[in-house]
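So you can see what is in the structure, the chains are spelled out below.
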Amino acid sequence: QVQLVESGGGLVQAGGSLRLSCAASGRTFTSYSMGWFRQAPDKEREFVVGISWSGGSTTYADSVKGRFTISRDNAKNTAILQMNSLKPDDTAVYYCAAGVLPISRVRERRAYSYWGQGTQVTVSS
């Protein structure tokens, strides 16, 4: 069993930065690939970025490539999403997720077993 808690969301102007954290409970954090998804009002939840259990492999959605960076600290059971050059289109609730899955499947929302409660990110123009 893994519990995930996101933090770091907020309101920022376009071009600004935010750093989201996902803190995981449980002793088997290193067993899980981690992903970040987001959901804007009246839209489907979409993949943002994923990272393998070791941190050695990452996959990004085209819309955030070059602006967002995912990392993880397995000693602290934490995954980090650094978001730079934010745009109004990045406004959404951001969720972290954990699952025992290969990097090839981190884009698949239904492949994840555990989800956080979400944190709101609002980018003003």
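Whatever comes next refers back to the structure up there.
Just so it is clear, the model here is predicted, and its values are computed rather than measured.

Thresholds applied
Residues numbered from 1 in each chain as written. Predicted model: local features only at pLDDT ≥ 70, side-chain atom pairs only at ≥ 80, totals over all residues. Heavy atoms only, no water. Buried < 20%, exposed > 50% of the residue type's maximum accessible area, 1.4 Å probe, protein only. Helix = DSSP H or I, 4+ residues; strand = E, 2+ residues; numbered from the N terminus. Pairing = 2+ DSSP bridges. Phe/Tyr/Trp six-rings, centres within 6.5 Å; stacked < 30°, edge-to-face > 60°. Lys NZ or Arg CZ within 6 Å of the ring centre and 35° of its normal.

Enquirer: Can you help me understand the pairing of strand β7 (residues 68–73) in this one?
Expert: The side chains of a regular strand alternate, first on one face of the sheet and then on the other. Where burial is concerned, the two faces of β7 differ: the one with Phe68, Ile70 and Arg72 is buried and the one with Thr69, Ser71 and Asp73 is not. In this structure, β7 lies alongside strand β8 (residues 78–83), joined through six bridges in antiparallel fashion. Across the sheet, the residue bridging to Arg72 is Ala79, located in β8. Between the antiparallel neighbours β7 and β8 lie four residues, among them Asn77 with a positive phi of about 50 degrees.

Enquirer: Could you clarify how one ought to interpret the packing of aromatic side chains in this entry?
Expert: The geometry of an aromatic ring pair is captured by the separation of the ring centres together with the interplanar angle, meaning the angle of the planes. Per the counting criterion, the structure on display carries five aromatic pairs. The interplanar angle of 85 degrees and the centroid separation of 5.3 Å between the aromatic rings of Phe37 and Tyr112 together place this pair among those described as edge-to-face. Of this pair, Phe37 sits in strand β4 (residues 33–39) while Tyr112 sits in the loop between β9 (92–99) and β10 (114–115), placing them 75 residues apart in sequence. What links up through ring pairs into an aromatic cluster is the set Phe37, Phe47, Tyr112 and Trp115. Arg45 extends its terminal NZ or CZ atom over the ring of Tyr95, reaching a point 3.6 Å from the ring centre.

Enquirer: Quick question: what am I supposed to make of unusual backbone geometry here?
Expert: Trans is the prevailing form of peptide bonds, just as negative phi is the prevailing case for residues other than glycine. Non-glycine residue Asp42 carries a positive phi angle of around 65 degrees. Residue placement: Asp42 occurs in the loop between β4 and β5 (46–51). Given the relative accessible area of 85%, Asp42 is considered exposed. Look at Asn77: it is not a glycine, yet its phi comes out positive at around 50 degrees. Looking at the secondary structure, you find Asn77 in the loop between β7 and β8. With a relative accessible area of 17%, Asn77 lands in the buried category.

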